[in-house]
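Coordinate inspection notes
Take a look at the letters that make up each chain.
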Amino acid sequence: MLFDTHSHLDDEKFDNDRDELIARIHNEFDVDLIMVVGADIESSKRAIELAEKYDFIYASVGVHPHDTESMSEDDIDTLRDMCAHKKVKAVGEIGLDYYYDNSPRDIQKKWFARQMQLAREVNLPVIIHDRDAHADCMEILKREGVDITGGVFHCFSGSAQMAKEALKMGMYISFAGPLTYKNAVKTVEVASVVPIERIFVETDSPYLAPVPHRGERNHPGYVADTARKLAEIKGMSFEEVAKITRQNATRFFKIEL
């Protein structure tokens, strides 16, 4: 019923029980689709391997802003080859992170734009990471044609006004565990103004576990808690939110079921 549109099931935190956990998620929770998101070349490869192993798992490939300092055109060539795989449905996660600044900002911007260009070339949508870099992120998205590729802000952290601007550009907004946190006033405001037809739900697992699991290792099964909070905000049933957000994401990623 639910689509966890952003997870990192390849992460080492799942190394001891990955296959058992995936079986539980699929059989015991209301999650029947999972997107495993690449954050560098190696994790992108692992995402594809998981997508090949499980028919309900799909992959995206890309280099997170943290790791752009070491990027080269050879990496773009590698990503281009990966994008030809039938289970790869997006380029991402890509973007800017000015909170940690693990790579110089000019380098982040260069390779963000370059991966946007790759997405246009291979006709895939983009999954955007944006932390404390809203203005520069929006400028690059506009300049590099997110209205052409299609895009989603994962774990959206901007304002309601920024969300409205993103919607005008044809983008989707995705909510994760922070939507359930007590101090999530701004995020709840965003969720209240964004139409349900433009929303995804995600876990970003193993990070950002929602209430009541905060502090635990997150996993795709917990996406239901974010969906329940979204249903509460929207005044809708859980079943409606699960169905609509799943439809939104399958359409966006061009997944034929």
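Not measured: the values here are computed from a predicted model.

Here the focus is the packing of helix α8 (residues 185-193) against helix α9 (residues 223-234). α9 packs onto α8 with a crossing angle of 65° between their chain directions and a minimal axis gap of 9 Å. Classified by the angle their axes make, α8 and α9 are roughly perpendicular. Crossing hand, α8 versus α9: right-handed. In this structure, α8 uses V188, A191, S192 and V193 to contact α9, whose residues at the interface are K229, L230, I233 and K234.

Formed by 72 residues in total, the largest nonpolar core has its most connected members in L2, I57, F112, I128, L141, F153 and I173. It is helix α4 (residues 105-122) that provides the largest number of residues to this core, a total of six residues. Discounting residues that sit within four places of it in the chain, I128 has contacts with I94, F112, M116, C137, L141, V152, F153, H154 and M171. Counting residues in hydrophobic clusters, the runner-up holds 14 residues, among them V37, Y58, A90 and F252.

For the rest of this paragraph, the subject is the sheet that holds strand β4 (residues 88-97). Pairing in this open sheet of eight strands is parallel, and the strands run β1-β2-β3-β4-β5-β6-β7-β8 from one edge to the other. Single-partner strands in this sheet number two, and they are β1 (2-7) and β8 (199-201). Between one strand and the next, the sheet's axes are offset by a mean angle of 30°, whatever the strand orientation. Across four bridges, the pairing between β1 and strand β2 (residues 31-37) is parallel. Each residue of the ladder has a partner; that of D4, found in β2, is I34. On top of the sheet, helix α7 (residues 160-168) reaches β5 (126-131), β6 (151-153) and β7 (172-175); it is set at about 135° to β7, its chief contact.

Thresholds, definitions, all that
- Residues numbered from 1 in each chain as written.
- Predicted model: local features only at pLDDT ≥ 70, side-chain atom pairs only at ≥ 80, totals over all residues.
- Heavy atoms only, no water.
- Axes fitted to C-alpha atoms, helices over the stretch in contact; angles between N-to-C directions.
- Helix = DSSP H or I, 4+ residues; strand = E, 2+ residues; numbered from the N terminus.
- Parallel < 35°, antiparallel > 145°, perpendicular 65-115°, else oblique.
- Left-handed = near helix turned anticlockwise from the far one by under 90°.
- Contact = heavy atoms within 4.5 Å.
- Core = buried A, V, L, I, M, F, W, Y, C linked by side-chain atoms within 4.5 Å.
- Buried < 20%, exposed > 50% of the residue type's maximum accessible area, 1.4 Å probe, protein only.
- Pairing = 2+ DSSP bridges.

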